[in-house]
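Chain by chain, the residues run as shown.
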Amino acid sequence: MTEAVLKLTILGSGTSTGVPVLGCHCAVCSSIEPRNSRTRCSALLEWSGHKVLIDTATDFRQQALREGIELVDSVLYTHAHADHVHGIDDLRTFTLMTGQAIPVYAARSVLDRIQGLFSYIFSETDAPGYRPRLQVNEVTGPFGLFGQQVTPIPLVHGPGESLGYRVGNLAYVVDCSTIPESSWDLLHGLDVLVIDALRFREHQSHFSISEAIEVARQLQVPRTLLTHLTHDIDYPRHSAELPEGVEFAYDGQVLTVPLPVTGEQRNIC
Ligand SMILES: [Zn+2]
Ligand SMILES: [Zn+2]
Ligand SMILES: [Zn+2]
């Protein structure tokens with residue numbers, strides 16, 4: 001029996017502006033180091049032959065071209081800030097290709113916001129060729145997806161909130177300034193944590209780098225990727241200063257973690 005594997009691809013490791021920042025000529029924005037070039041924050045999870053997108057970032061089309069993504073089976077939304085949803089229209093190409101609606105998962109407030117921002121997508125009168133077809137699912141707790149449990153992690157994001165997601169022993173915790181007491185239990189026993197770590201200085205809506213490192217230390221995670229990064233972070237220079245087991249995420253980064261074998265998969269085997 002082959003072991004089930006979860007594959008993570010960092011589609012975008014950048015904050016809402018992306019890096020380089022338009023009009024900025026700082027050392028990082030002018031850098032030729034590819035890991036200093038950051039598209040808007042997003043990730044792709046793959047298991048059992050299925051591709052699950054976390055957010056449709058502003059740069060989704062470029063990310064999909066870069067990573068050769070030709071189909072998406074489902075989308076998990078963290079929250080409805082522009083940088084995490086504005087690539088939504090590019091799902092249209094996939095739904096035109098398959099004729100199938102893509103299941104999307106989000107908290108009720110996020111679904112409401114997306115349906116308000118992109119009302120044409122949910123309009124019954126607009127021609128289907130001009131809008132992606134989405135099948136909307138409200139997240140109210142853990143749910144099954146392609147033979148695995150997906151666990152939403154409620155997070156505080158400044159004055160708002162967002163949802164992290166855990167699949168197997170990998171958790172994606174973005175965007176986040178505080179992890180509520182009740183969510184800590186959902187993050188025990190991780191192999192990999194991908195966490196919002198905006199910059200060195202504090203910010204009201206995001207963890208700073210030292211705050212994110214402290215979360216990883218408390219959870220005793222063996223491998224932590226810091227993401228949603230600004231142009232304050234110079235990948236080669238600042239990587240050397242990180243503690244063992246903590247690294248900066250970069251666009252195109254790929255890793256795999258073993259997945260627990262579920263009853264459903266055992267039956268298939
Ligand atoms: Zn963001
Ligand atoms: Zn800059
Ligand atoms: Zn946000």
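Residues numbered from 1 in each chain as written. Chains lettered and ligands numbered in written order. Predicted model: local features only at pLDDT ≥ 70, side-chain atom pairs only at ≥ 80, totals over all residues. Heavy atoms only, no water.

Colleague: Go over the packing of aromatic side chains with me, naming the residues and quoting the values.
Modeller: Scanning all chains against the criterion turns up five aromatic pairs. Look at Tyr105 and Phe143: their rings are 4.4 Å apart centre to centre, the planes differ by 5°, and that puts the pair in the stacked class. Within this pair, whereas Tyr105 is found in strand β5 (residues 102–106), its partner Phe143 is found in strand β7 (residues 143–145), the two being separated by 38 residues in sequence. Each member of the pair Tyr105 and Phe143 is classed as buried. A ring pair is formed by Tyr235 and Tyr250, whose centres lie 5.8 Å apart and whose planes are at 90°; its orientation type is edge-to-face. Here the residue Tyr235 occupies a position in helix α7 (residues 235–239), and Tyr250 occupies one in the loop between β13 (246–248) and β14 (254–258), the gap between them amounting to 15 residues. Accessibility expressed as a relative area gives 9% for Tyr235, which makes it buried. An aromatic cluster is defined as three or more aromatic residues linked by ring pairs; in this entry it consists of Tyr235, Phe248 and Tyr250. Taking NZ or CZ as reference, Arg35 lies 6.0 Å from the ring centre of Tyr250, over its face. (Phe/Tyr/Trp six-rings, centres within 6.5 Å; stacked < 30°, edge-to-face > 60°. Helix = DSSP H or I, 4+ residues; strand = E, 2+ residues; numbered from the N terminus. Buried < 20%, exposed > 50% of the residue type's maximum accessible area, 1.4 Å probe, protein only. Lys NZ or Arg CZ within 6 Å of the ring centre and 35° of its normal.)

Colleague: Tell me about the state of the cysteines, and please be specific about residues and values.
Modeller: Enumeration over the complete set of coordinates arrives at zero disulfides. In this structure Cys176 is a free cysteine whose sulfur lies 12 Å from that of Cys41, the closest cysteine sulfur available. (Disulfide = S-S within 2.5 Å.)

Colleague: Describe the nonpolar core, naming the residues involved and giving the relevant values.
Modeller: Here is a general trend for soluble globular proteins: nonpolar side chains tend to be buried in one another's company. By size, the foremost hydrophobic cluster in this structure holds 53 residues, and its most contacted members are Leu8, Leu45, Trp47, Leu76, Tyr77 and Leu91. Those residues in contact with Leu8 that sit more than four places away from it in its chain are Ala43, Leu44, Leu45, Leu170, Val194, Leu225, Gln253, Val254 and Leu255. Grouped together as the second largest cluster of nonpolar side chains are 27 residues, Trp184, Leu190, Tyr235 and Val246 included. (Core = buried A, V, L, I, M, F, W, Y, C linked by side-chain atoms within 4.5 Å. Contact = heavy atoms within 4.5 Å.)

Colleague: Go over the sheet that holds strand β11 (residues 192–196) with me, naming the residues and quoting the values.
Modeller: Judged by pairing direction, the sheet is mixed, and its seven strands sit side by side in the order β7-β8-β9-β10-β11-β12-β13 without closing on themselves. The sheet is open, and its two borders are formed by β7 and β13, each paired with just one other strand. Across the sheet, the mean angle separating the axes of adjacent strands is 25° when strand polarity is ignored. Along the sheet, helix α6 (residues 209–219) makes contact with β11, β12 (223–227) and β13, crossing β11 at roughly 155°. (Pairing = 2+ DSSP bridges. Axes fitted to C-alpha atoms, helices over the stretch in contact; angles between N-to-C directions.)

Colleague: Outline the sheet that holds strand β2 (residues 42–47), supporting the account with residue identities and numerical values.
Modeller: Taken in spatial order, the seven strands line up as β6-β5-β4-β3-β2-β1-β14 in an open sheet, and their pairing is mixed. If you trace the sheet from one side to the other, it starts and ends with β6 (134–138) and β14, each paired once. Strand-to-strand twist of the sheet, defined as the mean angle between neighbouring strand axes without regard to direction, takes the value 25°. Both strand β1 (residues 5–12) and β14 contribute to a ladder of five bridges, which runs antiparallel. From the neighbouring strand, Val5 faces β14, where its bridge partner is Pro258. Along the sheet face, helix α1 (residues 60–67) touches β1, β2 and β3 (50–54) and points at about 130° away from the line of β1.

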